[in-house]
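Coordinates in review
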Amino acid sequence: MEKRSLVGRRSFIASSAAMALAGCASEGRDKTDTTTSSRDGTDRSKTGASTGAETESADGTEEPTKTTTVPVGTVVEDDSLAMVVRGVKREGKRSEFREARNGHTFVIVRMAVKNTSGTYVDLDDFLHATLESGSNESYDPSFSSPRHPMKTGVLAPGEVVRGDVVFEVPKSASGLSLRFDFESFSRFEFERITVSLAETADSVADLKQSLGDAVLSQGTEASRDGVSVVVHGVRTTKKLDEFIEADDGYEFVVPDIEITNDGDERLFVSTLLQMRAKSGTGLAYTADISASSALKRPVNENSDIEAGASHRGELAYQVETGTAPLRWVFNFLDAETAYKAFWKLR
């Protein structure tokens, strides 16, 4: 029998591209204070300025293209999505293995996106970011952070994805702005958003994750399309063996996971593409491969589960010490449907 994959083609391509760009760890947490709040508890500042550009509507008439320019800290939103650039900083060195080229520096942009609709939203085509200087030079993202990457993909209702986008630019670059083009993303009413990185709003707004009853307790099973998943428990440790120890300020969170194939074909699962630990603010963590390999019963990165069989094991996630709340997320993905289950780790 052929393998039945839960990972859609587009999700696989997007995640693979993100890994190809990965190269550094971001520093610390997003600690910017929030100062504005909406009725549902989501911090936001709604905006929607339009330019005079025109597009053709369904009835043949021309309509203004909806674009806007905002400073850092201002939320741009419609009925489906909300996004905000929370902060920007420059660094010459991201780790002992990642330094900017001579005469260059890294520009790290921390941002967040929230699904404000009542349905799942596929964000594979959402973030097309370009950094532009005041002298009209353009820069594409250099790489993403493996600790806090700006992962797109499918977002559940109320879910926030938060992370860093990194650009390498000349030290002399000034008047920087971040441009997002959304012509291929039909769910968002804006076609272009420009964030002026040289300006910051008086009150830096934020996006609050609101998963509600979607978060399951440990021991509760979630099922979809012939696949059942449960988190049996979780442990926290600073050291896994004599060689594997968490970095300063970090700890290993290790969930005990069981995946059952209730279908009649072999099931392919991937820790990289389908499994995450996620903070209450939306920061995502992928499993630490070297740390997970030190576990007695690790969940392999790519696993085949025979029809009617189960696979049980652990994964190690390196997270900032004391991060709470913290959830484990499993993506039930195929070409037809999208569903994510969330379990409370602490």
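Before reading on, note that the structure itself is shown above.
The shown structure was predicted, so the numbers you read here are calculated from the model rather than taken from an experiment. (Residues numbered from 1 in each chain as written. Predicted model: local features only at pLDDT ≥ 70, side-chain atom pairs only at ≥ 80, totals over all residues. Heavy atoms only, no water.)

A separate point is unusual backbone geometry. Of the consecutive residues Ala-324 and Pro-325, the connecting peptide bond is found in the cis state with omega at -5 degrees. Tracing the backbone shows Pro-325 in the loop between β27 (317-320) and β28 (326-333). Within the chain, Asn-136 stands out as a residue other than glycine whose phi angle is a positive 70 degrees. Turning to its location among the elements, Asn-136 is positioned in the loop between β11 (129-132) and β12 (138-139). Even without a glycine there, the phi angle at Asp-225 is positive, about 50 degrees. (Helix = DSSP H or I, 4+ residues; strand = E, 2+ residues; numbered from the N terminus.)

Now for the sheet that holds β12. Taken together, the 5 strands give an open sheet; going across it, the order is β4-β17-β16-β11-β12, and neighbouring strands pair in mixed fashion. Both outer strands of the open sheet, β4 (67-72) and β12, are each paired with one neighbouring strand and no more. The pairing of strand β16 (residues 177-181) with strand β17 (residues 192-200) spans 5 bridges and is antiparallel. Paired with Phe-180 across the two strands is Ile-193, which belongs to β17. (Pairing = 2+ DSSP bridges.)

Moving on, we get to the environment of Gln-274. Mapped onto the secondary structure, Gln-274 falls in helix α2 (residues 271-274). The spacing of Gln-274 and Leu-333 is 59 residues in sequence and 7.9 Å in space, taken between C-alpha atoms. Here the side chain of Gln-274 touches Ser-270 through a polar contact of 3.0 Å, landing on its backbone nitrogen. (Polar contact = N/O pair within 3.5 Å; in protein donor to acceptor, adjacent residues only side chain to side chain.)

Relative to the assigned elements, Ser-80 resides in the loop between β5 (76-77) and β6 (81-91). A relative accessible area of 12% places Ser-80 in the buried class. Every residue in contact with Ser-80, bar those within four places of it in the chain, is listed here: Lys-114, Asn-115, Thr-116, Ser-117 and Arg-187. (Buried < 20%, exposed > 50% of the residue type's maximum accessible area, 1.4 Å probe, protein only. Contact = heavy atoms within 4.5 Å.)

One finds Met-83, Leu-131, Phe-167, Leu-178, Val-195 and Leu-197 to be the most contacted residues of the largest nonpolar core, which totals 31 residues. For this core, the elements supplying multiple residues, two or more each, are β4, β6, β9 (104-115), β11, β15 (160-170), β16 and β17. The residues touching Val-195, leaving out its near neighbours within four places in the chain, are Val-70, Pro-71, Val-72, Val-85, Leu-176, Ser-177, Leu-178 and Phe-180. Listed in part, the 27 residues of the second largest apolar core include Val-229, Ile-259, Ala-277 and Tyr-317. (Core = buried A, V, L, I, M, F, W, Y, C linked by side-chain atoms within 4.5 Å.)

Turning next to the pairing of strand β20 (residues 227-237). Strand direction decides the pairing type here: strand β19 (residues 221-224) and β20, joined by 4 bridges, are antiparallel. If you follow Arg-224 over to β20, its bridge partner there is Val-227. The turn linking β19 back onto β20 is made up of 2 residues, and Asp-225 within it adopts a positive phi angle of 50 degrees. Two elements, β20 and strand β21 (residues 250-261), share 10 bridges in a ladder whose sense is antiparallel. Pairing of Ser-228 across the sheet is with Thr-260, part of β21.

So, on to the packing of aromatic side chains. Across all of its chains, the model carries 5 aromatic pairs by this definition. When the centroid spacing of 6.1 Å and the interplanar angle of 40 degrees are considered together, the rings of Trp-328 and Phe-330 count as tilted. Using a relative accessible area of 0% as the deciding quantity, one classes Trp-328 as buried. Relative to Trp-343, the ring of Trp-328 has its centre 5.6 Å away and its plane inclined at 45 degrees; by these criteria the two rings are tilted. Linking Trp-328 in strand β28 with Trp-343 in strand β29 (residues 338-344), this pair joins segments that are 15 residues apart in sequence. Like Trp-343, Trp-328 is buried. One aromatic cluster is present, built from ring pairs that chain together Tyr-120, Trp-328, Phe-330, Phe-332, Tyr-339 and Trp-343. One Lys or Arg, Lys-66, reaches over the ring of Phe-190 and ends 5.2 Å from the middle of that ring. (Phe/Tyr/Trp six-rings, centres within 6.5 Å; stacked < 30°, edge-to-face > 60°. Lys NZ or Arg CZ within 6 Å of the ring centre and 35° of its normal.)

Geometric values such as these leave the question of function open.
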